[in-house]
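An overview of the molecular structure
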Amino acid sequence: MKKRIFNVVLIILVLAGVSFGVAALRTEHSDKPKYIFYFIGDGMSFNHILGTEQYNAAKEGKSEVERLNFSKFPVRNFVTNYSTSNLVTDSAAAGTALASGVKTANASIGVDPEGNHLRTIADVASELGYAVGLVTNVGINHATPSCFYGHTADRFGFPSLIDDYIASDVAFIAGSTIMDMKSGPQDPKYKPTSTAELAERIRNAGILLTLDVEEAAKAEGKRVALVAHDKKNEHVPYVIDRKGDEVHTLVNHTKAAIEYLERNSKEGFFLMVEEGKLDYSAHEQDAVTTFHEVNELARAVDLALAFAEKHPGETLIVVTSDHETGGMSLGWDHYEIRMNLLTAQKTSTLQTTKKIQQMRKEGNRNWEEYKQVLSENLGLWSVVPVTKEEEALLRHDFYDIFLKYGPMVDGLYNKNEFLTYHAIHILNKHASIDWTSLYHTGMYTPLFVEGEGAEKFFECRDQTEIPKTIARLMGGEL
Ligand SMILES: [Zn+2]
């Protein structure tokens, strides 16, 4: 008898606890969210996030690891991301899944495997009166942002994607540049089209295309495209390589988007923000550069959190990723991670490659001076002990630079010298971090949600369910 009473009391307590937990997730109003933030860390999975948290702690000399803002959200879930082509997806198919809620073939943007055009969450938002904004720190017609307005089976059809953008309802778009036809594989069906020509196309459509962040933020009653470069297909630098005076950053562009959207919408807004450079650095297997980009994403999320504080009960913040890049692992060596060694890295692999190429061009054949660069930029020899075998490998790469210049490590977006690729590999190895791929893997991707309707995202098992859940919360359907 006593046992039965105990059980009943226990059940009541558990139920009360569960309902209290759910209530805690809900905010005062149960209405649909008026402001929706949809953050996508391109190529970001659990290890990129945890690695960043460990790296931040090492940098501050702390033994305690503090979680990033979004990894403390009440909803912390994980989803599958495979495409119809393969268990490993690309940014086009995964972007389509995140924008339209439909699985498609790799390289497809906003179309199903048969080529039929798909409705996107941006379409649903604008039909319901939300103003739509898209921000990225790569090209505005790169795969991820394109999935919210474009329709093509070829993600490298950059000019046609700009035509799709012009025809769309996207009120505010921001990014590093407009990708030209040279930035993808050359396809004879597309005429070579430069960034400047595509910029002209946008301007001719009556859209305010500007390089001025302030002008973009303050614009009224017209569509805005904000880019860092409108003449050349040039990207903003990695966060780690910043000189400190950069105006065109993911954070500044997100700030401008929020200011513009808040003023230019009555019903509320839907804002997608992509940290796209994270995928670039993970393709290069550069851990520290990747961690700096994850921190940049967290800084952009900070803006959404500050906004939510001013609009309680009206804001939904979703943070996720399209796929994992690089197969990064934390700790391969004898139960140990030595994050402190990574704090010696001062520039990206790419920046170090550029420096080395410049020295080669100047005819510099002094190994000691190359060693000096690897030491200053990556901490080799000065902080990281380099073994005899490792130095022999680097020296071999150094001779190759002069003997058979040409072959380089292709990290999809950036090419690196074998010398810097191996140097960064040595640094990561000593820190006990390793990579399994120069491309993507099929790992789970994370999903963090906070705010109005957040608890609904506990049910998501695949990334296609994320935009469908957002659409339902907005009062629409995908
Ligand atoms: Zn990628």
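On a predicted model such as this, the values are computed, not experimentally measured, just so you know.

1. Structural notes on empty space enclosed by the protein
- Under the counting rule described, the total for this entry stands at two cavities of 30 Å³ or more.
- As a volume, the largest cavity reaches approximately 70 Å³.
- Every residue along the wall of the largest cavity is listed here: Asn137, Val236, Pro237, Val239, Arg242, Glu246, His248, Thr249, Leu250, Lys277, Glu293 and Glu296.
- Of the residues belonging to the lining of the largest cavity, the class tally is four nonpolar, three polar and five charged.
- Approximately 40 Å³ is the volume attributed to the second largest cavity.
- In this structure, the second largest cavity is lined by Asp42, Ser91, Val138, His142, Thr144, Glu274, Gly276, Asp279, Tyr280 and Tyr413.
- In the lining of the second largest cavity, the residues fall into three nonpolar, four polar and three charged.

2. Brief notes about the coordination of the zinc ion
- Distances from the zinc ion to its protein donors, Asp279 (OD), Asp279 (OD), His283 (NE2) and His440 (NE2), fall within 2.1 to 2.5 Å.
- Coordination at the zinc ion is irregular: its four donor atoms span angles of 54 to 153° at the metal.
- Read N to C, the donor residues that coordinate the zinc ion are spaced as D-x3-H-x156-H. Taken together, the positions of His283 in helix α10 (residues 277-283) and His440 in strand β14 (residues 440-441) put the pair 157 residues apart, joining distant regions of the chain.

3. Section: the environment of Ala153
- Topologically, Ala153 is positioned in the loop between α5 (143-146) and α6 (158-167).
- Not counting residues within four places of it along the chain, the set of residues in contact with Ala153 comprises Ala107, Ser108 and Val111.

4. Some details on the packing of aromatic side chains
- Evaluation of the coordinates by the stated rule reveals 19 aromatic pairs.
- A centroid spacing of 5.9 Å and a plane angle of 85° characterise the contact between Phe156 and Phe158, whose relative ring orientation is edge-to-face.
- Within the aromatic cluster, the residues linked to one another by ring pairs are Tyr35, Phe37, Phe39, Phe269 and Phe307.
- Looking at Lys277, its charged tip hangs above the ring of Tyr238, at a distance of 4.5 Å from the centre.
- The cationic tip of Lys429 hangs over the ring face of Trp332; the distance from NZ or CZ to the ring centre is 4.1 Å.

5. A word on the environment of Tyr260
- Locating Tyr260 in the fold gives a position in helix α9 (residues 250-263).
- Sequence separation of Tyr260 and Thr420 is 160 residues, and the distance between their C-alpha atoms is 42 Å.
- Sequence-distant contacts of Tyr260, that is, excluding residues within four places in its chain, are made with Ala171, Phe172, Ala216, Ala217, Ala219, Lys222, Arg223 and Val224.
- A polar contact of 2.6 Å, which involves the side chain of Tyr260, links it to the backbone oxygen of Lys222.

Conventions and cut-offs
- Residues numbered from 1 in each chain as written.
- Predicted model: local features only at pLDDT ≥ 70, side-chain atom pairs only at ≥ 80, totals over all residues.
- Heavy atoms only, no water.
- 1 Å grid on protein atoms, 1.4 Å probe; cavity = no way out; pocket = protein on both sides within 12 Å on 5 of 7 lines; lining within 4 Å.
- Points joined across faces, edges and corners; volume = space filled by probe spheres on them.
- Nonpolar A, V, L, I, M, F, W, Y, C, P; charged D, E, K, R; others polar.
- Donors = N, O, S within 2.8 Å, 3.2 Å for Na, K, Ca; no water.
- Tetrahedral: all angles 85-135°; square planar, octahedral: opposite > 155°, others 65-115°.
- Helix = DSSP H or I, 4+ residues; strand = E, 2+ residues; numbered from the N terminus.
- Contact = heavy atoms within 4.5 Å.
- Phe/Tyr/Trp six-rings, centres within 6.5 Å; stacked < 30°, edge-to-face > 60°.
- Lys NZ or Arg CZ within 6 Å of the ring centre and 35° of its normal.
- Polar contact = N/O pair within 3.5 Å; in protein donor to acceptor, adjacent residues only side chain to side chain.

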